[in-house]
Amino acid sequence: MLIVALTGGIGSGKSLAAQHFAELGAQVIDADQLARVAIERGSAGFDEVVATFGDEILRDGDIDRRLLGELVFNDAFARRKLEAIIHPLVRAAFELALSRTQGNGVLIYEIPLLVETDAASRFDYVVTVESDLEVRRQRLKDRGMREPEIEARICAQATSDQRVSSADYVIVNNGSTDELLHEVEHLWKSVFPLLQREKG
Ligand code: ATP
């Protein structure tokens, strides 16, 4: 199994790229999804988050992720506390999911905070999707996010230069979705088979 990390800043187009990889036949695991499950009601993560941030972050008995997001993206100390809870849980969930995968295909791990969690060396290959900041801001506005929310999230992430220097391959996604698809296909048809042979 070739294990590829797919990263990129918020609004860069990672999820769209991951979707294309899945359509081509990759197995895809999404770190954001693992993070959601890690703090679902009844989990150890849920208990830890509530013990740390208090009942105020609950709505109808579940963690209100939007409220939690507002809290941590405006307070770097709180963000670090949350990350200290969630990152190890996500990492363990990924290892478990990986141990359950079968076959010798390609596994794409969509991991926004690859650089921030210093995880690049754990993968066979690292792809980052990069778009200009203005393009990302516009996509996020179109998705209904407000400007302060967008800026807080962008500021909390690594810079494009940091991601690019950790990556083996950079997809520049400032153009059409067809161009993005073309890049994904190039990796799938021309790059990954070579890497699989090398690993094999
Ligand atoms: P997040 O970190 O928030 O999950 P992301 O990197 O996964 O962001 P996407 O959700 O894939 O980004 O893309 C953000 C938005 O921009 C989506 O609505 C997506 O459909 C759109 N988008 C991505 N790439 C393009 C493109 N090349 N042309 C037009 N729209 C695009």
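Here the structure is shown first, and the text comes after it.
As a starting point, this report considers the structure included with it.

Thresholds, definitions, all that
Residues numbered from 1 in each chain as written. Predicted model: local features only at pLDDT ≥ 70, side-chain atom pairs only at ≥ 80, totals over all residues. Heavy atoms only, no water. Core = buried A, V, L, I, M, F, W, Y, C linked by side-chain atoms within 4.5 Å. Buried < 20%, exposed > 50% of the residue type's maximum accessible area, 1.4 Å probe, protein only. Helix = DSSP H or I, 4+ residues; strand = E, 2+ residues; numbered from the N terminus. Phe/Tyr/Trp six-rings, centres within 6.5 Å; stacked < 30°, edge-to-face > 60°. Near = heavy atom within 4 Å. Polar contact = N/O pair within 3.5 Å; in protein donor to acceptor, adjacent residues only side chain to side chain. Areas by Shrake-Rupley, 256 points an atom, 1.4 Å probe, with all protein chains shown as cover. Nonpolar A, V, L, I, M, F, W, Y, C, P; charged D, E, K, R; others polar. Axes fitted to C-alpha atoms, helices over the stretch in contact; angles between N-to-C directions. Left-handed = near helix turned anticlockwise from the far one by under 90°. Contact = heavy atoms within 4.5 Å. Pairing = 2+ DSSP bridges.

1. Concerning the nonpolar core
Among the nonpolar cores identified, the biggest contains 30 residues, and Val 49, Phe 53, Ile 63, Leu 68, Phe 94, Tyr 109 and Phe 123 are the most heavily contacted of them. Listed by contribution, the elements that provide at least two residues to this core are strand E1 (2-8), helix H2 (31-38), helix H3 (44-53), helix H4 (65-73), helix H5 (76-99) and strand E5 (106-110). Among the nonpolar cores identified, the runner-up in size contains 20 residues, and Leu 6, Ala 18, Val 129 and Val 184 belong to it.

2. Considering the packing of aromatic side chains
This structure, assessed with the given rule, holds six aromatic pairs. A centroid spacing of 5.7 Å and a plane angle of 25 degrees characterise the contact between Phe 21 and Phe 192, whose relative ring orientation is stacked. Placement of Phe 21 in helix H1 (residues 14-24) and of Phe 192 in helix H9 (residues 177-199) is noted, with a sequence separation of 171 residues between them. Residue classification places Phe 21 among the buried residues on the basis of a relative accessible area of 1%. Relative to Phe 192, the ring of Tyr 125 lies with its centre 6.2 Å away and its plane at 85 degrees, an arrangement referred to as edge-to-face.

3. Thoughts on the site of the ligand
Among the 15 residues in the neighbourhood of the ligand, the closest are listed as Lys 14, Ser 15, Arg 143, Asn 173 and Gly 175. At 3.0 Å, a backbone N or O of Gly 11 approaches an oxygen atom of the ligand. One of the backbone N or O atoms of Gly 13 is found 3.0 Å from an oxygen atom in the ligand. Calculation on the ligand without its partners gives an accessible area of 630 Å², and the protein chains cover 73% of this total. A total of three residues in the shell around the ligand trace back to one element, the largest contributor, which is H1. Class assignment of the residues belonging to the shell around the ligand gives a composition of two nonpolar, nine polar and four charged.

4. So, the packing of H4 against helix H7 (residues 147-156)
With their axes 10 Å apart at the nearest point, H4 and H7 run at an angle of 65 degrees to one another. Considering the relative orientation of H4 and H7, their crossing is left-handed. Contact residues: Arg 66, Gly 69 and Phe 73 in H4; Glu 149, Ala 152, Arg 153 and Ala 156 in H7. The residue makeup of the contact of H4 with H7, split by class, is three nonpolar, one polar and three charged.

5. Quick notes on the side chain of Ser 43
Position of Ser 43 relative to the elements: it lies in the loop between H2 and H3. Those residues in contact with Ser 43 that lie beyond four places of it in its chain are Val 37 and Ala 38.

6. So, the sheet that holds strand E7 (residues 169-172)
Strands sit in the order E2-E5-E1-E6-E7 across an open sheet of five strands; the sheet is parallel. On the outer flanks of this sheet lie strand E2 (27-30) and E7, each paired with one strand and no other. Geometrically, the sheet is characterised by an average inter-axis angle of 25 degrees between neighbouring strands, direction not taken into account. Looking at chain direction, E1 and E5 are connected through five bridges and run parallel. Paired with Val 4 across the strands is Ile 108, a residue of E5. Packed on one face of the sheet, H1 meets E1, E2, E5 and strand E6 (125-130) and runs near 155 degrees to E1. Seen against the sheet, H9 touches E1, E5, E6 and E7 and runs at an angle of roughly 170 degrees to E7.

7. Brief notes about the side chain of Arg 79
Structurally, the position occupied by Arg 79 is in helix H5. The class for Arg 79 is buried, based on a relative accessible area of 17%. With sequence-adjacent residues up to four places away left out, Arg 79 is seen in contact with Val 72, Phe 73 and Ala 156.

8. Looking at unusual backbone geometry
Even without a glycine there, the phi angle at Asp 60 is positive, about 50 degrees. Here Asp 60 lies in the loop between strand E3 (58-59) and strand E4 (62-63). Under the relative-accessibility criterion, Asp 60 is labelled exposed at 71%. Even without a glycine there, the phi angle at Asp 118 is positive, about 55 degrees. Mapped onto the fold, Asp 118 is located in the loop between E5 and E6.

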